[in-house]
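Per-entry structural report
In case you want the letters, here they are:
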Amino acid sequence: MSANVNAPAAIDARGLQKRYGTFQALAGVNLHVEAGEVCGFLGPNGAGKSTTLRILARVETADAGTVRIAGHDLATDGNAASLCFGYMPERFAAYDALSVEEYLEFFLALYRGGGPGRSGAAARQVVADSLDLVSMTFKAKDLMGALSKGQRQRVLLARAVLHDPAVLLLDEPTSGLDPRARVEFKAIVRELKRMGKAVLISSHVLPDLQDLCDRVVILIGGKVHAAGRTDEIRQRLAPDITGITLEALDAAAAQRAVAVVGALAGVSEVRAEGAVVTFQITGGRERMPELHRLLVQGNVDVVGLEYRKSTLDDLYLQLTAGSNGEEGPA
Amino acid sequence: MIRAFFVKDLRLVSKGGTPLPGVASLLMLQAAVCIVLATVSIFVGPLPSEVWRAAASLVATVAFVLAFIMPATQAAFATASEGNPEVAESLATSPLGPTSFLLGKAAMPVVQGIAMQAALLPMWAFLTANGMIAAADVFRIVVAMLVAVPMSAVSGAARFGGFGSSRIALMVKAATRRGAVSPNAVSPAPAQQTWVALLGMAWMVQVMRGAGLAVPGLSTPEMAALQDLVRPLIPLVGMERGNFSSWFGMPVPVVLLSVLLLSALGVTRLAASVATSTRATELERRSAWRALVAGRSVFVLHLAGALWAISPAVSASAAGCAAVWYALVGYPVLGSRVRIAAAALVPCVLPAVCTTAAGAGAAGLGALACWIGIAAACFAGAAALPPPRIGSDRRALAVAAVGLAGIAGPVLTFAVTAPASPLEGFAALGPLFAVLSWVSLPAAVVSLASDLLGPLYPWAFLVRHAPTVAAVPPWLAAPACFGLIALIAIARNSLNARPAAPPVG
């Protein structure tokens, strides 16, 4: 979806810096997301993804930098900006004694203020529509404290879209969800994209992002390492990486395969599980004949060999190979 | 948004039990007391008049507790649910300002507090019908309590020190790093203990009166003026003195002062919390500082008015010290030194006008001169100190040190020890006290009032024992000292005067 050239960017963050004591969580992060765009936010633990999202959502303040949401400066026009975004935090707590409906009505009233639709039938209709969007209508009367994690995630999403914001900030929205819930969640995000919302998703479930995102931003050590359209980034950073899955006859053959593959130039991420060996190799299809020849020479009994294009997973693993993955404070 | 919080809290308390806890119990307790009193009267004989008087005082005390402490406690507990970091995080993303949040959280406790006061009406009616208390007294107490309830509720909600993203960030950080919210986030502030101490003092008065004991000093003009000072806030003090207080020598209905002072107290608590919130909009900040200035002006004016009966010197020195204290504490919502100093002048205006009028003539002109001097001290002190920054307590500590070292130390020491005169032989300490007084703005105020409006006992004692204080009076030395610092700071373009608001959020 192409954005109106005159419309302000959905998210425009420049030079965000944040420090916790001696830990530099963000060191000049720039972020730009257009309306109608789904942007993935990648990075290892402690990279600063959640910190960035919390700053965008006004939960935290940056030490330096500017943020504009749909043209509203957070520093000078924060309340107007709040009306333009919905935030779905990673962690969740609520007023457990309220029903789902009451919980959403409360937040709707906060967003609507004294405006129309704050209460009464109009408000109930807005709440019903939000619950319908996340397929939670059947739980409207249940207490918040009685919901499962997946159901709570959905209610959080319903709360985020309650006031019809132009921008959605989703922090690890699929963590802890079962496969079906993840598929359903992706469908909801696609629907939001179809509605013209800009969505910024931070997630570790990379296959989800690959399917959903128009663009990705990769954050490492509090700095943006790469940003752009998903395919472009993949091509730019990992143009010729091929993922290989080799099924050997048995575990002993798999170990011989590991030895053979490990000696090859341009091979990384070699893993063996039972008789299956996975690894990445640079050079693409052109390396396959060489690989076949060496496997035969190494007396590796191969049952099957699959190769696939590089994925976001491969790219992520390549980029974060040097990071220790320690959990930061945010 | 206030309504949203009220509806939400009403739903929560309704699901947790009853929306008006204690009302039914209070009604039943009153019925039981009435039955007991009636039974004793019928079968034993008329109760002594002291019992009836004590009953009126007891009901007033109960009303005081229910109005001052219960709403604050309920509001503090209700606000604790928003102290949960995840809930706070959710609220922080909404367009919710500190004013709406605090008033919203105070709404339910206000309703509960008013219901409790209403539940006491049968007992008031019973006592009035039996002639144990005048209807005018009941009216005064009930009105004061009804105003005290929202003040107390707002104070309780504001105990979180301001609804701000920085506060929320603090709680979120605590939860992130330690896995739980710091218990300090919801612990009662010292203000709660202050109310309890006040209540204890009031209760002692009731006990002594009930026991037929004379309260020491109650008959002196000084104690009467002190009673007039606190009666608007604690209506059960000096109940026998009627419904009028002496204010700048004029009789003024206590109920009017109660409404004025309690409203000012509530507004000031709300404004202080809003002013220090990083979530406040520019409009909210401006409104907050106006409310703070207005509230502080009311308190200074009341001090001057109530203590006028003792002497103009006492009135000016006490109210002047309060004005100087407010000037030193400053206004966190204002940025530059000059703006803060200008705001510090405002609380001096009304007392200057009123004391000039009340003095009528030479005494009035003296009072006007005194208040001009106090205003100059306020301006100099406010401009000399670095502007307060949100979230910093260092300035308050410096202010406390200056105030205590300069005035409380010498004056109180001399005043307390004068009867025994243990310091008679320590004349060598005089220069030290003089030095402390010279750099203390409160000392400047007291010495100015003493010179212009009449002797003040502790100050006169100090001057007699420390001749250097008389040689170079603090009213000249201290403002000159602070004024010089202020001039240098202003000339250097007030390096510390940048607003403390964070760049984002």
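Residues numbered from 1 in each chain as written. Chains lettered and ligands numbered in written order. Predicted model: local features only at pLDDT ≥ 70, side-chain atom pairs only at ≥ 80, totals over all residues. Heavy atoms only, no water.

1. Overview of the pattern of salt bridges
Counted under the stated rule, the structure contains 21 salt bridges over all chains. One salt bridge in this structure joins Asp73(A) and Arg68(A), with 3.7 Å as the shortest N-O distance. Residue Arg68(A) is classed as partly exposed on the basis of its relative accessible area of 37%. Put simply, Arg140(B) and Asp137(B) hold a salt bridge, and the shortest N to O gap is 3.7 Å. Linking Arg140(B) with Asp137(B), this pair stays in helix H8 (residues 135–157), spanning 3 residues, or about one helical turn. (Salt bridge = Lys/Arg side-chain N within 4 Å of Asp/Glu carboxyl O. Buried < 20%, exposed > 50% of the residue type's maximum accessible area, 1.4 Å probe, protein only. Helix = DSSP H or I, 4+ residues; strand = E, 2+ residues; numbered from the N terminus.)

2. Here we look at the nonpolar core
Grouped together as the largest cluster of nonpolar side chains are 176 residues, with contacts concentrated most on Tyr103(A), Leu91(B), Trp124(B) and Trp371(B). Residue contacts for Leu91(B): discarding those within four places in its chain leaves Tyr95(A), Phe106(A), Phe107(A), Leu110(A), Phe5(B), Glu82(B), Leu96(B), Phe101(B) and Arg279(B). (Core = buried A, V, L, I, M, F, W, Y, C linked by side-chain atoms within 4.5 Å. Contact = heavy atoms within 4.5 Å.)

3. Observations concerning the sheet that holds strand E2 (residues 23–33) of chain A
Pairing is antiparallel across the open sheet formed by 4 strands, whose spatial order is E2-E1-E4-E5 (chain A). Both outer strands of the open sheet, E2 and strand E5 (72–73) of chain A, are each paired with one neighbouring strand and no more. (Pairing = 2+ DSSP bridges.)

4. What to know about the sheet that holds strand E7 (residues 167–171) of chain A
All names here are of chain A. The strand order across the open sheet formed by 6 strands is E6-E7-E8-E3-E9-E10, and the pairing between neighbours is mixed. Each of the sheet's edge strands pairs with one partner strand only, and the pair in question is strand E6 (85–88) and strand E10 (223–229). Averaged over all neighbouring strand pairs, the angle between strand axes comes to 15°, with direction disregarded. The pairing of E6 with E7 spans 4 bridges and is classified as parallel. Looking at E7, one finds that Phe85 is bridged to Val167. With respect to the sheet, helix H6 (residues 179–194) is in contact with strand E3 (38–42), E6, E7 and strand E8 (198–202), its orientation differing from that of E7 by roughly 160°. (Axes fitted to C-alpha atoms, helices over the stretch in contact; angles between N-to-C directions.)

5. Focus on the side chain of Ser245(B)
Residues and elements named next belong to chain B. Tracing the chain through its elements places Ser245 in strand E1 (residues 244–247). The exposure class of Ser245 is buried, given its relative accessible area of 2%. Reaching out from Ser245, the side chain makes a polar contact with the side chain of Asp228 at a distance of 3.2 Å. (Polar contact = N/O pair within 3.5 Å; in protein donor to acceptor, adjacent residues only side chain to side chain.)

6. Notes on helix H10 (residues 288–297) of chain A
Residue and element names in this part refer to chain A. Turning to H10, its buried residues number three or more, namely Met288, Leu291 and Leu295. Projected down its long axis, H10 carries its buried residues within an arc of 60°, all on one side. For H10, the exposed residues set more than 90 degrees away from the buried face come down to Val296 and Gln297. Asn299, located one to two residues past H10, shows a positive phi value of around 60°. (Arc of directions from axis to C-beta.)

7. Section: the packing of helix H14 (residues 312–329) of chain B against helix H16 (residues 362–384) of chain B
All names here are of chain B. H16 packs onto H14 with a crossing angle of 20° between their chain directions and a minimal axis gap of 8 Å. Considered as vectors, H14 and H16 are oriented roughly parallel to each other. Pair H14 / H16 crosses with right-handed handedness. Residues Ala316, Ala319, Gly320, Ala323, Val324, Ala327 and Leu328 of H14 lie in contact with H16, whose contacting residues are Cys370, Trp371, Ile374, Ala377, Cys378, Gly381 and Ala382. In terms of residue class, the contact of H14 with H16 is built from 12 nonpolar, 2 polar and no charged. (Parallel < 35°, antiparallel > 145°, perpendicular 65-115°, else oblique. Left-handed = near helix turned anticlockwise from the far one by under 90°. Nonpolar A, V, L, I, M, F, W, Y, C, P; charged D, E, K, R; others polar.)

8. Considerations on the pairing of strand E12 (residues 267–273) of chain A
Walk down a regular strand and you will see the side chains alternate between the two sheet faces. All names here are of chain A. With 5 bridges connecting them, E12 and strand E13 (residues 276–282) associate as antiparallel partners. By the bridge assignment, Val267 is partnered in E13 with Ile281. From the end of E12 to the start of E13, which pair antiparallel, there are 2 residues, and Gly274 there has a positive phi angle of about 65°.

9. Here's the deal with empty space enclosed by the protein
All names here are of chain A. Inspection of the entire model under this criterion finds 4 cavities of 30 Å³ or more. Its boundaries defined by the atoms lining it, the second largest cavity holds a volume of some 70 Å³. As for the second largest cavity, its lining consists of Met88, Val134, Gly150, Gln153, Arg154, Leu157, Leu177, Ala181, Glu184, Phe185 and Ile188. When contributions to the lining of the second largest cavity are tallied by element, the ones reaching two or more residues are helix H5 (149–161) and H6. (1 Å grid on protein atoms, 1.4 Å probe; cavity = no way out; pocket = protein on both sides within 12 Å on 5 of 7 lines; lining within 4 Å. Points joined across faces, edges and corners; volume = space filled by probe spheres on them.)

10. A few points about the packing of aromatic side chains
On inspection of all chains with the given rule, the structure shows 8 aromatic pairs over all chains. Centre to centre, the rings of Trp247(B) and Phe248(B) are 5.5 Å apart; their planes meet at 75°, and the pair counts as edge-to-face. There is no split in this pair, since Trp247(B) and Phe248(B) are both buried. Within the aromatic cluster, the residues linked to one another by ring pairs are Tyr95(A), Tyr103(A), Phe106(A), Phe107(A), Phe5(B) and Phe101(B). A cation sits over an aromatic face here: Arg159(A) above Phe107(A), 4.8 Å from the ring centre. (Phe/Tyr/Trp six-rings, centres within 6.5 Å; stacked < 30°, edge-to-face > 60°. Lys NZ or Arg CZ within 6 Å of the ring centre and 35° of its normal.)

11. A few points about helix H4 (residues 120–133) of chain A
Residues and elements named next belong to chain A. With 14 residues, H4 should cover 20 Å at 1.5 Å per step; its first-to-last C-alpha distance of 20 Å lies within 8% of that length. Listed as buried for H4 are Ala123, Val126, Val127, Ser130 and Leu131. Looking straight down H4, one finds that the buried residues subtend no more than 135° of arc, so they occupy a single side. Opposite the buried face of H4, at more than 90 degrees from it, the exposed residues are Ala121 and Asp132. (Expected span 1.5 Å × (residues − 1).)

Treat this as a map of the structure, not an account of what it does.
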